[in-house]
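# Observations on chain architecture
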Amino acid sequence: MVAGILIGCFLPGIPEFLAHFVYKQVSIPIAILIWLMIYPMMLKIDFQLIKICADTRGLLISTVTSRLVKPFLMFGLATLFFCNCVSQVYSPNLADLYIIGQCSIG
């Protein structure tokens, strides 16, 4: 990160040159570097589903948590935030609209 900051400060031509390599608002050099960063972790993934099916407790806990607990927890936290923070800054009607909007998204 320090090298990137120093290049940006002292060699401004390099970031300007790399800015030309953009496809659909995605920087190709950044995408390549992120892929190179993640690739070693991808090599360590074990794709055998037999191990997952042998012990279903983890899969069951994950499914129950993500489908039954998380939506209600996030709704409660969002409602708490919108009712306390947004209604203090904006009108309470706007806070209600935000709550309705987050319900339709979730």
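Residues numbered from 1 in each chain as written. Predicted model: local features only at pLDDT ≥ 70, side-chain atom pairs only at ≥ 80, totals over all residues. Heavy atoms only, no water.

## Focus on the overall build of the chain
Within the chain, the secondary structure is distributed over six helices and two strands. Starting at the N terminus and walking to the C terminus, you meet the elements of the chain as α-α-β-β-α-α-α-α. Sorting the 106 residues of the chain into buried and exposed places 8% on the buried side. A total accessible area of about 9500 Å² is found for the chain, and carbon and sulfur atoms account for 75% of it. (Helix = DSSP H or I, 4+ residues; strand = E, 2+ residues; numbered from the N terminus. Buried < 20%, exposed > 50% of the residue type's maximum accessible area, 1.4 Å probe, protein only. Areas by Shrake-Rupley, 256 points an atom, 1.4 Å probe, with all protein chains shown as cover.)

## Remarks on the nonpolar core
Listed in full, the five residues of the largest apolar core are Ala 78, Phe 82, Val 86, Ala 95 and Ile 99. Secondary structure elements with two or more residues in this core: α5 (57-89) and α6 (92-105). Among the elements that make up this core, the one with the highest residue count is α5 (three residues). Setting aside its immediate chain neighbours within four residues, Val 86 contacts Phe 81, Ala 95 and Tyr 98. (Core = buried A, V, L, I, M, F, W, Y, C linked by side-chain atoms within 4.5 Å. Contact = heavy atoms within 4.5 Å.)

## Some details on unusual backbone geometry
For Lys 24, which is not a glycine, the phi torsion comes out positive at approximately 50°. Positive phi outside glycine occurs at Gln 25, with the angle close to 65°. Of note, Gln 25 is situated in the loop between β1 (22-23) and β2 (26-27). Owing to a relative accessible area of 80%, Gln 25 belongs among the exposed residues under this scheme.

## Focus: the packing of aromatic side chains
Per the counting criterion, the structure on display carries three aromatic pairs. Here the aromatic rings of Phe 17 and Phe 21 are separated by 5.2 Å at their centres, their planes lie at 80°, and the arrangement is edge-to-face. (Phe/Tyr/Trp six-rings, centres within 6.5 Å; stacked < 30°, edge-to-face > 60°.)

## Observations regarding the side chain of Thr 79
Tracing the backbone shows Thr 79 in helix α5. At a separation of 2.8 Å, a polar atom in the side chain of Thr 79 contacts the main-chain carbonyl oxygen of Phe 75. Each residue touching Thr 79, except ones within four places of it in the same chain, is listed here: Ile 99 and Gln 102. (Polar contact = N/O pair within 3.5 Å; in protein donor to acceptor, adjacent residues only side chain to side chain.)

## What to know about α5
Compared with the 48 Å implied by 1.5 Å per residue over 33 residues, the 45 Å span of α5 between its first and last C-alpha is a close match. Looking only at α5, the buried set comprises Ala 78, Thr 79, Phe 82, Val 86 and Ser 87. (Expected span 1.5 Å × (residues − 1).)

## Considerations on the environment of Ile 30
Tracing the backbone shows Ile 30 in helix α3 (residues 28-43). By relative accessible area, Ile 30 is classed as partly exposed at 47%. Once the C-alpha coordinates of Ile 30 and Leu 18 are considered, the two residues, 12 residues apart in sequence, prove to be 9.3 Å apart.

## Thoughts on the environment of Cys 85
With respect to the helices and strands, the residue Cys 85 is situated in helix α5. Residues Cys 85 and Ala 95, 10 residues apart in the sequence, show an inter-C-alpha distance of 8.7 Å.

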